[in-house]
Amino acid sequence: DKSKPIEEKTPSEVSRRVKIGIYFATWWFLNVIFNIYNKKVLNAFPYPWLTSTLSLATGSLMMLISWITGVAETPKTDLQFWKTLFPVAVAHTIGHVAATVSMSKVAVSFTHIIKSGEPAFSVLVSRFLLGETFPPGVYMSLIPIIGGCALTALTELNFNMIGFMGAMISNLAFVFRNIFSKRGMKGKSVGGMNYYACLSMLSLLILTPFAIAMEGPQMWTAGWEKAISQIGTQFIWWMAAQSVFYHLYNQVSYMSLDQISPLTFSIGNTMKRISVIVSSIIIFRTPVQPINALGAAIAILGTFLYSQVLTWSLYELKKIVLTILMAI
Ligand code: 3PG
């Protein structure tokens, strides 16, 4: 509970925060690995619909095996659970494919800079579709987020409209996914890990026919043969790594979503992008102009301010009201 002053925090709250901290660090680390292998695969095999499907299929398989072998407890679900999960799965599928299509067209760092604008989408969706209002500081913090993303997009050396739109669509889809997920997980016996497992399975069912329609076995076979002839059997390991790490980082992120609000989740996700952006620029030797990097820094700073404004306003509001009451 961010609104409590430090001195009021109980040991259980401290250990909860430590636990969330460990989840966050693991989530970010796994995500960096996923992004590197995902881009290596896409560079050699530009079929994002298939790679997205394979990552969901691998996660689904891993969880099925965990349930069968008793490594993870099989969740008790009913028809209502799957019905509530459906809109989440649609949003997850769209967000996943859109981000992967984006990364197949532009640098990983560019996709993630645009994806750092997710809190702006979160505020706009909450404001205009859910009727939630925020303190003025929150709206002000959207200016650097949107401005920074716009500056990066305008100065990106290898700008590509599909790459840009994919990241934007992914932002919108994931805001809905997080809102619906949190609602779906509330008061349910299915915890974060199994919730994400069910989500992967349903998303896989939704995505498979679209992947076949968009790309299809003919393209995949030709692309696969070309990738193997250029890279060798190592390519299979890259594919396996991107799929396994995709599942692992999402699973850990859902285990943290179980403990935090969708808003804190969005902030953690944006902070995660700093490590992805920096590591991918180093590994893929992405050319970056100073003005382009400035845009990214402004956008990320905006997200940080946004999280501070939210925390600060709750603290300060309480303090101001108490001070006035005591003065009276
Ligand atoms: C995906 O493929 O789903 C995206 O790379 C994920 O984006 P995220 O960093 O928001 O999880």
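Residues numbered from 1 in each chain as written. Predicted model: local features only at pLDDT ≥ 70, side-chain atom pairs only at ≥ 80, totals over all residues.

Novice: Teacher, can you tell me more about the site of the ligand here?
Specialist: The environment of the ligand is formed by Gly95, His96, Ala99, Thr100, Lys115, Phe174 and Asn269. It is helix α3 (residues 79–105) that contributes the most residues to the shell around the ligand, 4 residues altogether. (Near = placed C-beta within 6 Å. Helix = DSSP H or I, 4+ residues; strand = E, 2+ residues; numbered from the N terminus.)

Novice: Would you take a moment to explain the UniProt feature "transmembrane region" (unreviewed entry) in the protein for this structure?
Specialist: According to UniProt, the "transmembrane region" (unreviewed entry) feature falls on residues 20–37, 49–72, 137–155, 161–180, 192–211 and 294–315. Helix makes up 100% of residues 20–37 and strand 0%. Its end C-alpha atoms lie 26 Å apart. (UniProt positions renumbered as here; feature names shortened; annotations may be inferred.)

Novice: Before we go on, may I ask you to explain the environment of Phe164 in this structure?
Specialist: In this structure, Phe164 sits in helix α7 (residues 161–185). Spatially, the C-alpha atoms of Phe164 and Lys105 are 8.8 Å apart, while their sequence positions differ by 59 residues. Excluding anything up to four places from it in sequence, Phe164 contacts Ile114, Ala153 and Phe159. (Contact = placed C-beta atoms within 7 Å.)

Novice: Would you take a moment to explain the nonpolar core for this structure?
Specialist: A general tendency of soluble globular proteins is for nonpolar side chains to be buried together. One finds Trp27, Leu30, Ile113, Cys198, Leu199, Phe245 and Tyr249 to be the most contacted residues of the largest nonpolar core, which totals 74 residues. Ignoring sequence-local partners within four residues, the contact set of Tyr249 consists of Trp27, Leu30, Asn31 and Phe34. (Core = buried A, V, L, I, M, F, W, Y, C linked by C-beta atoms within 7 Å. Buried ≥ 20, exposed ≤ 12 C-beta atoms within 10 Å, placed from the backbone.)

Novice: Just checking my understanding: could you explain the environment of Tyr195 for this structure?
Specialist: Tracing the backbone through its elements, the reader meets Tyr195 in helix α8 (residues 192–214). Each C-alpha atom, one on Tyr195 and one on Gln251, is 8.8 Å from the other, the two residues being 56 residues apart in sequence.

Novice: Can you walk me through unusual backbone geometry in this structure?
Specialist: Of all residues except glycine, most have a negative phi; of all peptide bonds, most are trans. Residues other than glycine seldom take positive phi values, yet Arg285 does so here, at roughly 50°. Within the secondary structure, Arg285 sits in the loop between α11 (262–283) and α12 (290–327). Take Arg285: there are 8 C-beta atoms within 10 Å of it, and that puts it in the exposed class.

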